Every structure is written in C-alpha cells, then in structure tokens.
Amino acid sequence: IVDTSSLVISSGGDVYFDGSVDSVSGEVNSLAVNTAFQVHFVGAIGAVDRLATLSTSMVGDTYLGGDVFLNGGDSQFGDNVVLTSDVSIDEDGSGAVIFGDSVDGDVTSGGYALTVDTASGETRFLKSVNASGGLGSAIVADNLALANTASLSLEMNGTIEGVNQDAVFVNG
C-alpha cells in the first residue's frame, strides 16, 4: 500500500512487488521507482484504490504482470517495459501514459496484449513497440502520440488498433 501522497523508492538493485500495489483507501497516491536494474510488478497496480501516477527510472527494465489503474497526472515508464502477461493500463483522470523506452512482451512466452485507455490524456510511445516480437497486440483506446524515434512493429500475428480515437499525433 502506498501510504503517502508520493512515495519514491530508490534502489541499487532489482525491485520486486510480488503482490498488488494500491493507494490507501480513499486516497490517490503516487509511486516512483528508481533503479538502474529491474522492476517487477507481479500483481495489479491500483486495482482496489487507484494510484495518481506511476513512474519508473530512465534505465533498466520494468516487467508488468498485472493491470494498472491510474487517476491523476502523467505516468511515465522511463525504461524498457516488458509484459509478462496481458496488461491493461487504465488512466481514469486527465493524465497521459508515456512509454519513454521500448515496449515489448516476454519473448519466451510471447503474444501478450497491451491495452491502454486514457480518459482525456494521451498515450505516448517514444521508442520502439514490439521490436523483438513479444506482443500479440496493442490497443490504444484514446489519443495516440508517436515520437519520430518510435517504430511500431506488430507483424504476422499482431495488430495495433486505435479504438474510438480522438486524435493520432505523429511527432517528427
């Protein structure tokens, strides 16, 4: 449970969240995890009580194994994101969901689906999506923004869809 308005965890090694991560009941708190190594979220994030924001450092890898529920400002995955199961990210507030580095699925299992739904913010991919082929599909339910350094590679058994998109932005 994130029991302060903004919790920052800094580590010189891997960080594991083996269960769910939630705000304190009735609160909407933020979590930042800073490490040059790996961050593992095994369970759901914010499923019972949403987090305002979630951010990870600019280096390392973040492994997502559960759905993410947010309600606040911009959330940024600064490092590589690797899905270890199908993952939905639901931002119910005005915040954006920003992927600062590559997004892919675990290639040993592969075929995982990423779904991102923002109420009024953007979903931003700043680097490659599915470069190693571990994603089966990526669905962005609202505003999609691609930086000029982003490349989408969902081939063969994969798809990328924009569902009820208000706008698609390609920067560059």
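Computed from a predicted model, the values in this text were never measured in an experiment.

## Section: the overall build of the chain
No. 1: In terms of regular secondary structure, the chain is built from 0 helices and 18 strands.
No. 2: Within the span of the chain, comprising 172 residues, buried residues form 48% of the whole.
No. 3: Taking contacts inside the chain between residues at least 6 apart in sequence as the whole, the part at least 24 apart equals 41%.
No. 4: In the form shown here, the chain has an accessible surface area of approximately 7400 Å², with 48% of it arising from carbon and sulfur atoms.

## A look at the sheet that holds strand E2 (residues 15-17)
No. 1: An order of E2-E4-E6-E9-E12 is seen for the 5 strands of this open sheet, with the pairing classed as parallel. Each of the sheet's edge strands pairs with one partner strand only, and the pair in question is E2 and strand E12 (103-105). Neighbour to neighbour, the strand axes of the sheet diverge by 15 degrees on average, direction disregarded.

## A closer look at the side chain of Thr35
No. 1: Following the sequence through the fold, Thr35 ends up in the loop between strand E3 (30-34) and strand E4 (38-41).
No. 2: At 3.1 Å, the side chain of Thr35 and the backbone oxygen of Ser11 are in polar contact.
No. 3: Not counting chain neighbours up to four residues away, the residues in contact with Thr35 comprise Ser11, Gly12, Gly13, Val15, Ser57 and Val59.

## What about the confidence of the model for the chain?
No. 1: Overall, the predicted model of the chain reaches an average pLDDT of 82, with 81% of residues at or above 70.
No. 2: Throughout residues 154-172 the model reports pLDDT below 50, and contacts reaching past four residues in sequence, or to other chains, amount to 42 contacts.

## Describing the nonpolar core
No. 1: Core analysis: the biggest nonpolar cluster contains 30 residues, and Leu31, Phe41, Leu54, Leu64, Ile89, Phe99 and Leu114 have the highest contact counts within it.
No. 2: For this core, the element with the highest residue contribution is strand E13 (residues 112-118), accounting for 3 residues.
No. 3: With sequence-adjacent residues up to four places away left out, Ile89 is seen in contact with Leu64, Val68, Leu70, Phe77, Val97, Phe99, Leu114, Thr115, Val116 and Asp117.

## Thoughts on the packing of aromatic side chains
No. 1: Scanning all chains against the criterion turns up 3 aromatic pairs.
No. 2: Look at Phe17 and Phe41: their rings are 4.7 Å apart centre to centre, the planes differ by 5 degrees, and that puts the pair in the stacked class. Separated by 24 residues along the polypeptide, Phe17 in strand E2 and Phe41 in strand E4 bring together distant segments of the chain.
No. 3: The exposure class of Phe17 is buried, given its relative accessible area of 15%.

## Section: unusual backbone geometry
No. 1: Positive phi, normally seen in glycine, also occurs at Asn130, with a value near 70 degrees.
No. 2: With respect to the helices and strands, Asn130 occurs in the loop between strand E14 (122-125) and strand E15 (135-140).

## With respect to the pattern of salt bridges
No. 1: Inspection of the entire model under this criterion finds 2 salt bridges.
No. 2: Close ionic contact of Asp90 with Arg50 constitutes a salt bridge, the shortest N to O distance being 2.7 Å. Highlighted residues: Asp90 in strand E10 (residues 87-91) and Arg50 in the loop between E4 and strand E5 (54-56), separated in sequence by 40 residues.
No. 3: On the basis of relative accessibility, which here comes to 23%, the residue Arg50 falls in the partly exposed class.
No. 4: Between Arg124 and Glu122 there is a salt bridge whose closest N-O contact spans 2.7 Å.

## Comments concerning the environment of Gln38
No. 1: Summarising the element assignment, Gln38 is placed in strand E4.
No. 2: Once you skip the residues sitting within four places of it in the chain, Gln38 turns out to touch Gly13, Asp14, Val15, Asp61 and Tyr63.

## Comments concerning the pairing of E10
No. 1: In terms of burial, E10 is largely enclosed, as 4 of its 5 residues are buried.
No. 2: Of the strand pairs in this sheet, strand E7 (residues 68-70) and E10 are connected by 3 bridges, and their pairing is parallel. By the bridge assignment, Phe69 is partnered in E10 with Asp90.
No. 3: The sheet contact formed by E10 and E13 spans 5 bridges and is parallel. Within E13, the residue paired with Glu91 across the bridge is Thr118.

Rules and cut-offs
- Residues numbered from 1 in each chain as written.
- Predicted model: local features only at pLDDT ≥ 70, side-chain atom pairs only at ≥ 80, totals over all residues.
- Heavy atoms only, no water.
- Helix = DSSP H or I, 4+ residues; strand = E, 2+ residues; numbered from the N terminus.
- Buried < 20%, exposed > 50% of the residue type's maximum accessible area, 1.4 Å probe, protein only.
- Contact = heavy atoms within 4.5 Å.
- Areas by Shrake-Rupley, 256 points an atom, 1.4 Å probe, with all protein chains shown as cover.
- Pairing = 2+ DSSP bridges.
- Axes fitted to C-alpha atoms, helices over the stretch in contact; angles between N-to-C directions.
- Polar contact = N/O pair within 3.5 Å; in protein donor to acceptor, adjacent residues only side chain to side chain.
- pLDDT = per-residue confidence, 0-100.
- Core = buried A, V, L, I, M, F, W, Y, C linked by side-chain atoms within 4.5 Å.
- Phe/Tyr/Trp six-rings, centres within 6.5 Å; stacked < 30°, edge-to-face > 60°.
- Salt bridge = Lys/Arg side-chain N within 4 Å of Asp/Glu carboxyl O.

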